[in-house]
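Observations on the three-dimensional arrangement
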Amino acid sequence: MSRVLTGLERVTGDFYGLPTHVLGNDQLSLEFLSEAGPRIVRLKLPGHDQNFLAEVPDFKWTTPHGDYFLRGGHRLWRAPEIFPQTYSPDSGGLKIEELSDGVRLSRAAQLAGDLHKSIEIQLRADRPAVTLIHQLTNDSDQSIECAPWAITQLALGGIAIMPLPNDSVEADELQPNRHLTLWPYTHWSDSRLHVYDDVVLIEARSELPALKIGTLNRHGWIGYWIGGVLFRKSFEPATDQLYPDLGSNVEVYCNDRFIELETLGGLRTLQPGQTATHIETWEMLTGFDVPATLAGAQALVKKLES
């Protein structure tokens, strides 16, 4: 075990042969790759062995620039998704900067048209929460249109929660107040998908084909209810911005190996030297007296929104 950094316990570890570091306090433990990424690969509560993040070390895509390993956990991507630019391999070149309350992980662009990516991790000392500052920086001499895209892969077995607005935008109710975006492989008849007036719930079961659904979220959070713990990703919704994927700032993807909770920043053109920033806060919330069912997840939303 290494020295203590302002109340944070940093130790070395291993993720299927890849070296890692662990940041932890008496509220939360978070593990990240120390040479690849930036990637967060494990998230645990003190006294629990369960990793809330998915582990898929064998999952990869072949690209013209080499294999892109999904690995599981949390990563920073860029939207819109374009092959092969989005899939720039990130198996090396990571830089780690120690901070008083965490670390900053960064990796310079390796290919033409790629972006410099960084994730700053700030652990909270007073509760099981962490703030993640995601940044995409254009280090090239050409402008690049993109949006920061924070993707968290979670272990199957829970229920993803996408709250929907259920009030009218205009007093006369002549304007729409919500929309859903579906990908071509998604079907309304998928038994994992449940759409209600105020929330979309996705049961994270191991099934194919995959499903993916997105929306413009004005609530500022998306969650995953599993084992009596709510993993909540919060962000600042800027509904006046243009978003990728038919105007989606949150998306959920589920297949037979994992479920993804995704949030996106606004779409913009980065000129050389410019940076786009997207901030998330993760919270591990407990103490809810609701069952791990669809009805329980609906009741949970009402508790959080009341």
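As the structure is a prediction and not an experimental result, all values here were calculated from the model.

**Here we look at the sheet that holds strand 10 (residues 102–107)**
The sheet built from 10 strands is open, its strands ordered 9-10-11-12-24-20-19-14-17-16 with antiparallel pairing. With one partner strand each, in any of the chains shown, strand 9 (95–99) and strand 16 (193–195) form the two edges of the open sheet. Across the sheet, the mean angle separating the axes of adjacent strands is 15 degrees when strand polarity is ignored. In this sheet, strand 17 (residues 199–203) lies alongside strand 14 (residues 159–163) in antiparallel orientation, the contact comprising 5 bridges. Bridge pairing in strand 17 places isoleucine 159 opposite glutamate 203. Sheet contacts for helix 2 (residues 294–305): strand 14, strand 16, strand 17, strand 19 (221–226), strand 20 (229–234) and strand 24 (275–285); angle to strand 17, the most-contacted strand, approximately 140 degrees.

**Section: the pairing of strand 18 (residues 211–215)**
Of all 5 residues in strand 18, 5 are buried; the element is thus mostly enclosed. Burial along strand 18 is two-sided: the residues Leu211, Ile213 and Thr215 and Lys212 and Gly214 are all buried. In terms of strand pairing, strand 15 (residues 181–182) meets strand 18 through 2 bridges, oriented antiparallel. Among the inter-strand pairings, threonine 181 is bridged to a residue of strand 18, identified as glycine 214. Bridge count between strand 18 and strand 21 (residues 250–254): 5 bridges; the pairing is antiparallel. Note that in strand 21 the partner of glycine 214 across the bridge is glutamate 251.

**Focus: unusual backbone geometry**
Residue proline 38 is bonded to the preceding glycine 37 through a cis peptide linkage, with omega at 20 degrees. Looking at where proline 38 falls in the secondary structure, it is placed in the loop between strand 4 (29–33) and strand 5 (39–44). Phenylalanine 83 connects to proline 84 through a cis peptide bond whose omega is 5 degrees. Residue position: proline 84 is located in the loop between strand 8 (74–79) and strand 9. For arginine 71, which is not a glycine, the phi torsion comes out positive at approximately 70 degrees. As for its placement among the helices and strands, arginine 71 is situated in strand 7 (residues 66–72). With a phi close to 60 degrees, leucine 246 is a non-glycine residue in the positive phi region. Locating leucine 246 in the fold gives a position in helix 1 (residues 244–247).

**Remarks on the nonpolar core**
In this structure, Ile121, Ile202, Tyr224 and Ile259 are the most contacted members of the largest nonpolar core, which totals 47 residues. Contacts of isoleucine 202, omitting those with residues within four sequence positions, involve Gly158, Ile159, Ala160, Met162, Arg192, Leu193, Leu211, Ile213, Val252, Cys254 and Ile259.

Criteria and cut-off values
- Residues numbered from 1 in each chain as written.
- Predicted model: local features only at pLDDT ≥ 70, side-chain atom pairs only at ≥ 80, totals over all residues.
- Heavy atoms only, no water.
- Pairing = 2+ DSSP bridges.
- Helix = DSSP H or I, 4+ residues; strand = E, 2+ residues; numbered from the N terminus.
- Axes fitted to C-alpha atoms, helices over the stretch in contact; angles between N-to-C directions.
- Contact = heavy atoms within 4.5 Å.
- Buried < 20%, exposed > 50% of the residue type's maximum accessible area, 1.4 Å probe, protein only.
- Core = buried A, V, L, I, M, F, W, Y, C linked by side-chain atoms within 4.5 Å.

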